[in-house]
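# Topology and contacts: notes
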Amino acid sequence: MIHLSGRLRMARRSRTILQRQLEARAKLWPEITDKMLWNRKKRDGFATVPRTLPLMMSIMDDLSEKGFPVGQTYFELWSRLLDELFLTLNRPEEMAFHAGFSGQRALRTWKDRIRRLNDLGFIEAKSGPLGDLSYVIVLNPYHVIKRAYLKGEVQEGKWQ
C-alpha cells in the first residue's frame, strides 16, 4: 500500500507541475490554440525519445568513421519504433529519404549507415525475405556508448 500511495503522490505532483506549465504557456502565448500544437496523446505519429538522444547521436557520429555520420539514420529508425524495439525494413527507400538521403545513391548510402550502426553495436540486423537488411532490433544505446567509453572511444566531456 505504501508503494501505491507513493505513486499517487507522484501522479498528483506531476499533474500540479503540468497545470502550472499550461497556465504559464497560456499567459505567454494566449493566441496559440491546442490545435496548433502537437499533443502526443491526441495525435498519431509520435515516439518516446530519450532526453539525451541528441548527445547520443553526436557520440554515434564520433564513433563512426569520419565523413560517415550515422546519428540521423539511427534517429529515423527510432522514430518508427514501438515498444518491442524491432523493425522490419520493408520501406528502405522511404527510410533513406526520411534519414536525409536523396538522389541516385540514397538507398546505398542508407544501407551503408545501417551496416555501420550494426557494426558499432547500436542495432542488430538480420537477413530475411528483403535481403541482408530485412530486420533490425534497436539495442539500448546507453550500454553501447558505455562500452565504447570504457575502451576510451568516447570523448570525456560527452560522457560526463
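Below: a short report on this structure. These figures come from a predicted structure and were not determined experimentally. (Residues numbered from 1 in each chain as written. Predicted model: local features only at pLDDT ≥ 70, side-chain atom pairs only at ≥ 80, totals over all residues. Heavy atoms only, no water.)

### Considerations on the nonpolar core
In this structure, Y74, L77, L89, W110, L117, F122 and I123 are the most contacted members of the largest nonpolar core, which totals 30 residues. For this core, the element with the most residues is helix α2 (residues 53–63), which contributes 6 residues. Contacts of W110, omitting those with residues within four sequence positions, involve T73, L89, P92, M95, A96, A99 and F101. (Core = buried A, V, L, I, M, F, W, Y, C linked by side-chain atoms within 4.5 Å. Buried < 20%, exposed > 50% of the residue type's maximum accessible area, 1.4 Å probe, protein only. Helix = DSSP H or I, 4+ residues; strand = E, 2+ residues; numbered from the N terminus. Contact = heavy atoms within 4.5 Å.)

### Comments concerning helix α5 (residues 106–120)
The terminal C-alpha atoms of α5, which comprises 15 residues, lie 21 Å apart, in line with the 21 Å expected from a rise of 1.5 Å per residue. All of the buried residues in α5 are A106, W110, R113, I114, R116 and L117. Along the long axis of α5, the arc covered by the buried residues comes to 160 degrees, so they all point the same way. Of the exposed residues in α5, the ones pointing more than 90 degrees away from its buried face are R108 and D119. At its buried positions, α5 is contacted by α2, α3 (71–79), α4 (92–98), β2 (123–128) and β3 (131–138). After α5 finishes, the residue G121 shows a positive phi value of roughly 95 degrees. (Expected span 1.5 Å × (residues − 1). Arc of directions from axis to C-beta.)

### Notes on the packing of α2 against helix α6 (residues 141–150)
Running from N to C, α2 and α6 cross one another at 45 degrees; their axes reach a closest spacing of 11 Å. Taken together, the axes of α2 and α6 lie oblique to each other. Crossing handedness for the pair α2 and α6: left-handed. Contacts between α2 and α6 involve M56, I59, M60 and L63 from the former and P141, Y142, I145 and A148 from the latter. Here the residues of the contact of α2 with α6 are counted per class, giving 8 nonpolar, no polar and no charged. (Axes fitted to C-alpha atoms, helices over the stretch in contact; angles between N-to-C directions. Parallel < 35°, antiparallel > 145°, perpendicular 65-115°, else oblique. Left-handed = near helix turned anticlockwise from the far one by under 90°. Nonpolar A, V, L, I, M, F, W, Y, C, P; charged D, E, K, R; others polar.)

### Some remarks on α2
Residues L53, M56, M57, I59, M60 and L63 constitute the buried set of α2. Mapping the buried residues of α2 onto a view down its axis gives an arc of 160 degrees, with all of them on the same face. Buried positions along α2 lie against α3, α5, α6 and α7 (156–159).

### Structural notes on a nonpolar patch on the surface
Taken together, L28, W29, I32 and M36 make up a surface patch of nonpolar side chains, about 430 Å² in accessible area. Along the chain, W29 turns up in the loop between α1 (2–28) and α2. (Patch = residues over 30% accessible without salt bridge, like charges linked within 9 Å, V, L, I, M, F, W, Y side chains within 5 Å. Areas by Shrake-Rupley, 256 points an atom, 1.4 Å probe, with all protein chains shown as cover. Salt bridge = Lys/Arg side-chain N within 4 Å of Asp/Glu carboxyl O.)

### Some remarks on the side chain of R113
Following the sequence through the fold, R113 ends up in helix α5. Residue R113 is classed as buried on the basis of its relative accessible area, which comes to 8%. Within the local environment of R113, its side chain forms a polar contact with the side chain of D112, the two groups lying 3.1 Å apart. Contact partners of R113, with chain neighbours within four places excluded, come to G67, F68, P69, V70, T73 and F101. (Polar contact = N/O pair within 3.5 Å; in protein donor to acceptor, adjacent residues only side chain to side chain.)

### A look at the pattern of salt bridges
Pairing between side chains of opposite charge can happen when the charged atoms of each approach one another. For the structure shown, the criterion picks out 9 salt bridges. R91 is paired through a salt bridge with E94; the nearest N and O atoms lie 3.8 Å apart. Of the residues examined, E94 reaches a relative accessible area of 30% and is grouped as partly exposed. Between D132 and R115 there is a salt bridge, with its nearest N and O atoms 2.7 Å apart. Remark: R115 occurs in helix α5 and D132 occurs in strand β3; sequence separation between them is 17 residues. For R115, a relative accessible area of 35% translates into the label partly exposed.

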